[in-house]
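Chain residues, written in single-letter form:
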Amino acid sequence: VPNIEGQRWSYFYPWALVAPGHPTYSHLRMTEDKEARHMTQEPKEGDPRIECKTIADIMGMCKIDKWDLVKLNVEGAEYDILAALTAPIARQIVVSAHEHTDRARGRAQWDALIEKLGQWYKPFNVVWERRYGCVDNYWDVVLIQKELL
């Protein structure tokens, strides 16, 4: 599989993680600052097309029943991905709210989602605070599957 810079990776699949119902393809906005690259539906010349997959799609393709650890850092799509869960997907999930993106949900919606996930997970480090020059967020919330505690 060629990577975004034309090299070959034998172990990496360039998929964007999305919630069910989102587009099946997107584009990676190529910027000089590699840390600022992001997905967009409005490509510019040189932005590679990326296939989008749900976590259930990836689990099925890889024949994974449950991950050991899922660290969600998808710049605002975390809420939709977690809200779509119908069963636990991992023994542990680490997630931040990313309220500084255009997909902000607000604390009340995040609190309700964390409560819903509480049927399978015990939440730790649930602190709404300002960091990194961004608006208030939940940063690095840890969800541990209850059966492990």
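Preceding this section is the structure that the text describes.
Since this is a predicted model, take the numbers as computed values, not measurements.

Student: Provide a residue-level description of the overall build of the chain, including the pertinent values.
Tutor: On a plain count of helices and strands, the chain comes out with 3 helices and 10 strands. In sequence order, the secondary structure elements of the chain are arranged as β-β-β-β-α-β-α-β-α-β-β-β-β. Here the C-alpha coordinates of the chain stretch approximately 45 × 40 × 25 Å along the principal axes. The 149 residues of the chain split such that 36% are buried.

Student: Mind laying out the nonpolar core, listing which residues take part and the relevant values?
Tutor: One finds Leu82, Ile89, Ile93, Trp110, Leu117 and Tyr121 to be the most contacted residues of the largest nonpolar core, which totals 25 residues. Among the elements that line this core, the one with the most residues is helix H3 (residues 107-117), at 4 residues. Among residues more than four places away in sequence, those in contact with isoleucine 93 are Val70, Leu82, Tyr121, Val141, Val142 and Leu143. Among the nonpolar cores identified, the runner-up in size contains 5 residues, and Val18, Leu28, Ile50 and Cys52 belong to it.

Student: Describe the sheet that holds strand E7 (residues 121-124), and please don't skip the residues or the numbers.
Tutor: Across a sheet, paired strands are connected by hydrogen bonds in the backbone, their directions being either parallel or antiparallel. Taken in spatial order, the 4 strands of this open sheet run E5-E6-E10-E7, and their pairing is mixed. Strands at the two margins of the open sheet, each flanked by one partner only, are strand E5 (67-72) and E7. Neighbour-to-neighbour, the strand axes of this sheet turn through a mean angle of 15°, independent of strand direction. Pairing of strand E6 (residues 90-95) with strand E10 (residues 141-145) involves 4 bridges; the strand directions are antiparallel. Bridge pairing in E10 links valine 94 to valine 142.

Student: Before we move on, can you summarise unusual backbone geometry with the specific residues and values?
Tutor: With a phi angle near 55°, histidine 98 is a residue other than glycine that sits in the positive phi range. Residue position: histidine 98 is located in the loop between E6 and H3. A positive phi angle is found at asparagine 125, which is not glycine, with a value near 60°. Overall, asparagine 125 belongs to the partly exposed group, its relative accessible area being 38%.

Student: Which residues make up the packing of aromatic side chains, and what are the values?
Tutor: By the definition in use, this model includes 3 aromatic pairs. Between tyrosine 132 and tryptophan 139, the aromatic rings sit 5.0 Å apart at their centres with planes inclined by 80°, giving edge-to-face as the arrangement. Classification of tyrosine 132 as exposed rests on a relative accessible area of 63%. Across the ring face of tyrosine 25, the terminal group of arginine 49 is positioned such that the distance to the ring centre comes to 3.6 Å. Directly above the aromatic system of phenylalanine 124 lies the positively charged group of lysine 122, at a separation of 5.4 Å from the ring centroid.

Student: Account for the sheet that holds strand E4 (residues 49-53), with residues named and values stated.
Tutor: With respect to topology, 4 strands assemble into an open sheet ordered E1-E4-E2-E3, the strand pairing being mixed. The sheet is open, and its two borders are formed by strand E1 (15-17) and strand E3 (38-40), each paired with just one other strand. Each strand of the sheet is rotated relative to its neighbour by a mean of 50°, with strand direction disregarded. Both strand E2 (residues 25-29) and E4 contribute to a ladder of 3 bridges, which runs antiparallel. When the bridges of E4 are listed, tyrosine 25 appears paired with glutamate 51.

About the cut-offs
Residues numbered from 1 in each chain as written. Predicted model: local features only at pLDDT ≥ 70, side-chain atom pairs only at ≥ 80, totals over all residues. Heavy atoms only, no water. Helix = DSSP H or I, 4+ residues; strand = E, 2+ residues; numbered from the N terminus. Buried < 20%, exposed > 50% of the residue type's maximum accessible area, 1.4 Å probe, protein only. Core = buried A, V, L, I, M, F, W, Y, C linked by side-chain atoms within 4.5 Å. Contact = heavy atoms within 4.5 Å. Pairing = 2+ DSSP bridges. Axes fitted to C-alpha atoms, helices over the stretch in contact; angles between N-to-C directions. Phe/Tyr/Trp six-rings, centres within 6.5 Å; stacked < 30°, edge-to-face > 60°. Lys NZ or Arg CZ within 6 Å of the ring centre and 35° of its normal.

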